[in-house]
Amino acid sequence: MVKNNLKVVWTKPAQNQLKKIYEYISAESIQNAVKVINDLTKGVGDIASHPEKHKIDQYKKDNDGTYRAFEKHHFRVSYRNENQTIRILRIRHTKMNPKKH
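Just so it is clear, the model here is predicted, and its values are computed rather than measured.

Cut-offs and rules
Residues numbered from 1 in each chain as written. Predicted model: local features only at pLDDT ≥ 70, side-chain atom pairs only at ≥ 80, totals over all residues. Heavy atoms only, no water. Helix = DSSP H or I, 4+ residues; strand = E, 2+ residues; numbered from the N terminus. Expected span 1.5 Å × (residues − 1). Buried < 20%, exposed > 50% of the residue type's maximum accessible area, 1.4 Å probe, protein only. Arc of directions from axis to C-beta. Polar contact = N/O pair within 3.5 Å; in protein donor to acceptor, adjacent residues only side chain to side chain.

For the rest of this paragraph, the subject is helix α2 (residues 30-47). End to end, α2 covers 26 Å across 18 residues, agreeing with the expected 26 Å (1.5 Å per residue, within 8%). Within α2 the residues assigned to the buried category are Ala33, Val36, Ile37, Asp39, Leu40, Gly43, Val44 and Ile47. Considered in projection along α2, the buried side chains sweep an arc of 160° and stay on one side of the axis. Structural note: α2 exposes Ile30, Gln31 and Lys42 on the side pointing more than 90 degrees away from its buried face.

Here it is as C-alpha cells:
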C-alpha cells in the first residue's frame, strides 16, 4: 500500500554524520563522495512514500515497530516513522560495532 509522502526531518546528529561521511570519502574521491551522499539521500527520500519498506531496526531497544533501518554503500540509516513525519536518527558505517539505542 502506498501512502502519501510524509515529511522527512533529519536530526542534527544524522546531518553531522552525513557531512563527516562526505568529508571522509571526498579526501580520496569527490566523485565517489557525491555518489554515496546522493544514493543515501535518495534512499531517505524513498522512505517518505514507503515508510514501512525497510526492516524493523534490530538494534533499537524496546522497538515498538516505528524504528526501522536500511543499508546502502556499507552505511546503515536508522529512522523512525512518527505518524506524518519520518525522522532520520543516525547514519553509521556497517563495519562499526552496532550500538543499541
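Looking at the element boundaries, Asp57 is found in the loop between α2 and β2 (67-72). Look at Asp57 and you get buried, because its relative accessible area is 2%. Only 3.5 Å separates the side chain of Asp57 from the side chain of Ser78, close enough to count as a polar contact.

So, to be careful, I would describe these as geometric facts and stop short of saying anything about function.
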